[in-house]
Amino acid sequence: MKGVIAAMHILILSMSVNSEDANPRVELLVKSYIWPYTDHNIELRAEREREEEKLSRIRAAQIKRQFDTEENAQQARMRQEEEARRLQLLKIQQEKQRKEEEEQRSKLEGRFELMIDNLSGNNTPQEYTLAGLSLNNIRLRLLVNNALANTTLLGLHLARMKIGNDDVAVLCQLLSHNTTLQKLELEGNEIEPKGAAELAEALKTNCTLRFLDLELNPLTKLNKKEVMEAAQEYDNSGIRALSEMLKVNKTLLVLNLARTGIDKSGALYLVEAMKVNSTLISMDLMENSLTVLDTREIKKCLNRNKKAYDDERLREFKERKMMNEEDLANKNLVDIEEKKKEEEEIQKKNRQQRMEERQTKYAKMVRSLLIGSWRNMSCRRTCRQRCSKKWLS
């Protein structure tokens, strides 16, 4: 190839020298097919292609950047509009709920009105039960709003009140803000997997609740609408959420999940959670579809936690007993010191009284002596005067 290109160079040079005698067809052939493929022109073309490719990449990056910027700006505007609509809807909903609560508050009477007044006044007994009272979503919100800052209520019984998933969000506010509630009874309500998951999320940060009763709630059964959407009747997402909660919660002691429809797959979540949990000491799983092995494993973990709990309580009892003995010993020492101080004060007063008596007696004696000596002196003076008168006479 190099030889051919060199021959072409020579031919081109001869054509440039004898340009008048050159054949136009040969010149055209050389310029069209031979000259562009020389080494110099190949390098120039490659460099030009690289420059064009670089410029095209830069233009493509600029176009993409501009498109991304516009798309991001559009997405940001859409997010802002969506957030504004959400806040507006939330504001409207809150205003509607406030009006409903005010209207319901004006209609309250009897035991429920007294209960609300006691909750708002922070003057309740340790436990409240709503047995025999009707409870809807508005009344539940009213009850929870007055109990958020309450510090005297320790137990709340809401068994068989038809509490569903929509009402669980209200109870989650109570669990998130109240700092004294220790017992929550929700037996026989209509809490489904979605509501159980919300409860579990609230209990992850709760540090006071010790007893939770969810017996006879359909924690694994979906409603008709959810069954049609999910194409299945049972869902273990609520049990899985409660199991995840048990891995992080450090205050819950008793959990009642009897007759909640837990199957074998749900039991596996509970077994894994109990291997991590170290505080739960009682879990009722009566009338659920658990295997014997799963039941034994959970019972084993509960016994381990119960032993640790009892050891801790025994240690605390011994510490309190020791502290009481120390306080009693310190009190006896203080009593002894006080008695000593009292005796010293009494001795000091007695000593001072004796000194005062001695001083008084000494003063009387000195006075009597002075009076007696004065009388003697006056008598001598009188006698001397009488004698002198007689002698002069």
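Everything numeric in this text was worked out from a predicted model, so none of it was measured.

## Structural notes on the overall build of the protein chain
When helices and strands are tallied, the protein chain shows 11 helices and 6 strands. A sequence separation of at least 24 residues applies to 78% of the contacts in the protein chain between residues at least 6 apart. As displayed, the protein chain offers around 27,800 Å² of accessible surface, 54% of which is attributable to carbon and sulfur atoms.

## Let's talk about the sheet that holds strand β4 (residues 211–213)
The strand order β1-β2-β3-β4-β5-β6 describes an open sheet built from 6 strands, whose pairing is parallel. Each having just a single partner strand, β1 (127–129) and β6 (282–284) make up the two edges of the open sheet. Taken pair by pair, the neighbouring strands of this sheet meet at an average axis angle of 5°, ignoring direction. In this sheet, β6 lies alongside strand β5 (residues 254–256) in parallel orientation, the contact comprising 3 bridges. Bridging across to β6, V254 finds its partner in S282.

## A short note on the nonpolar core
In terms of nonpolar packing, the biggest core is built from 59 residues, with L130, L156, L158, L186, L246 and M283 touching the most fellow members. The set of elements that each furnish at least two residues to this core consists of α4 (110–120), α5 (137–147), α6 (165–177), α7 (193–203), α9 (237–248), α10 (264–276) and α11 (292–392). Broken down by element, the residue count for this core peaks at 6 residues, all from α6. Other than its neighbours up to four places away in sequence, L186 contacts L158, I163, L171, I191, L199, L212, D213, L214, E215 and N217.

## Re the pattern of salt bridges
Scanning the entire structure with this criterion turns up 13 salt bridges. With its nearest N and O atoms 3.2 Å apart, the salt bridge here joins D311 to K307. Separated by 4 residues within a single helix, D311 and K307 lie in helix α11, roughly one turn from each other. Looking at D311, the relative accessible area reads 41%, which means it is partly exposed.

## Observations regarding the layout of surface pockets
Empty space within the largest pocket amounts to approximately 230 Å³. Around the largest pocket sit Q93, Q97, E101, N137, R141, N145, D166, A169, V170 and Q173, which together line it. When contributions to the lining of the largest pocket are tallied by element, the ones reaching two or more residues are α3 (39–107), α5 and α6. Within the lining of the largest pocket, the residues separate by chemical class into 2 nonpolar, 5 polar and 3 charged.

## A short note on a positive patch on the surface
On the surface, K348, R351, R354 and R358 cluster together into a positively charged patch. Within the fold, K348 resides in helix α11.

## Re the packing of aromatic side chains
Summed over the entire model, instances satisfying the criterion amount to 0 aromatic pairs. When the ring centre of F211 is taken as origin, the NZ or CZ atom of K183, which lies over that ring, is 5.1 Å away. Looking at R313, its charged tip hangs above the ring of Y309, at a distance of 4.4 Å from the centre.

## Description of the side chain of E185
Positionally, E185 belongs in strand β3 (residues 183–185). Look past the residues within four positions of E185 in its chain and what remains in contact with it is L156, H157, L158, A159, F211 and D213.

## Observations regarding the side chain of N288
Relative to the helices and strands, N288 resides in the loop between β6 and α11. A polar side-chain atom of N288 sits 2.9 Å from the main-chain carbonyl oxygen of L257. Within the local environment of N288, its side chain forms a polar contact with the backbone oxygen of L285, the two atoms lying 3.3 Å apart. If we ignore the near neighbours within four places in the chain, the residues touching N288 are L257, A258, R259, T260, G261 and I262.

## Some words on a nonpolar patch on the surface
On the surface, a cluster of nonpolar side chains totalling about 350 Å² of accessible area is made up of Y362, M365 and L369. Exposure remark for M365: the relative accessible area of 42% places this residue in the partly exposed category.

## Description of a negative patch on the surface
Side chains of E337, E338, E342, E343, E344 and E345 sit close together on the surface and give a patch of like negative charge. As for its placement among the helices and strands, E343 is situated in helix α11. On the basis of relative accessible area, E343 is assigned to the partly exposed category, the value being 48%.

Criteria and thresholds
Residues numbered from 1 in each chain as written. Predicted model: local features only at pLDDT ≥ 70, side-chain atom pairs only at ≥ 80, totals over all residues. Heavy atoms only, no water. Helix = DSSP H or I, 4+ residues; strand = E, 2+ residues; numbered from the N terminus. Contact = heavy atoms within 4.5 Å. Areas by Shrake-Rupley, 256 points an atom, 1.4 Å probe, with all protein chains shown as cover. Pairing = 2+ DSSP bridges. Axes fitted to C-alpha atoms, helices over the stretch in contact; angles between N-to-C directions. Core = buried A, V, L, I, M, F, W, Y, C linked by side-chain atoms within 4.5 Å. Buried < 20%, exposed > 50% of the residue type's maximum accessible area, 1.4 Å probe, protein only. Salt bridge = Lys/Arg side-chain N within 4 Å of Asp/Glu carboxyl O. 1 Å grid on protein atoms, 1.4 Å probe; cavity = no way out; pocket = protein on both sides within 12 Å on 5 of 7 lines; lining within 4 Å. Points joined across faces, edges and corners; volume = space filled by probe spheres on them. Nonpolar A, V, L, I, M, F, W, Y, C, P; charged D, E, K, R; others polar. Patch = residues over 30% accessible without salt bridge, like charges linked within 9 Å, V, L, I, M, F, W, Y side chains within 5 Å. Lys, Arg positive; Asp, Glu negative; His and termini not counted. Charge placed at Lys NZ, Arg CZ, Asp CG, Glu CD. Phe/Tyr/Trp six-rings, centres within 6.5 Å; stacked < 30°, edge-to-face > 60°. Lys NZ or Arg CZ within 6 Å of the ring centre and 35° of its normal. Polar contact = N/O pair within 3.5 Å; in protein donor to acceptor, adjacent residues only side chain to side chain.

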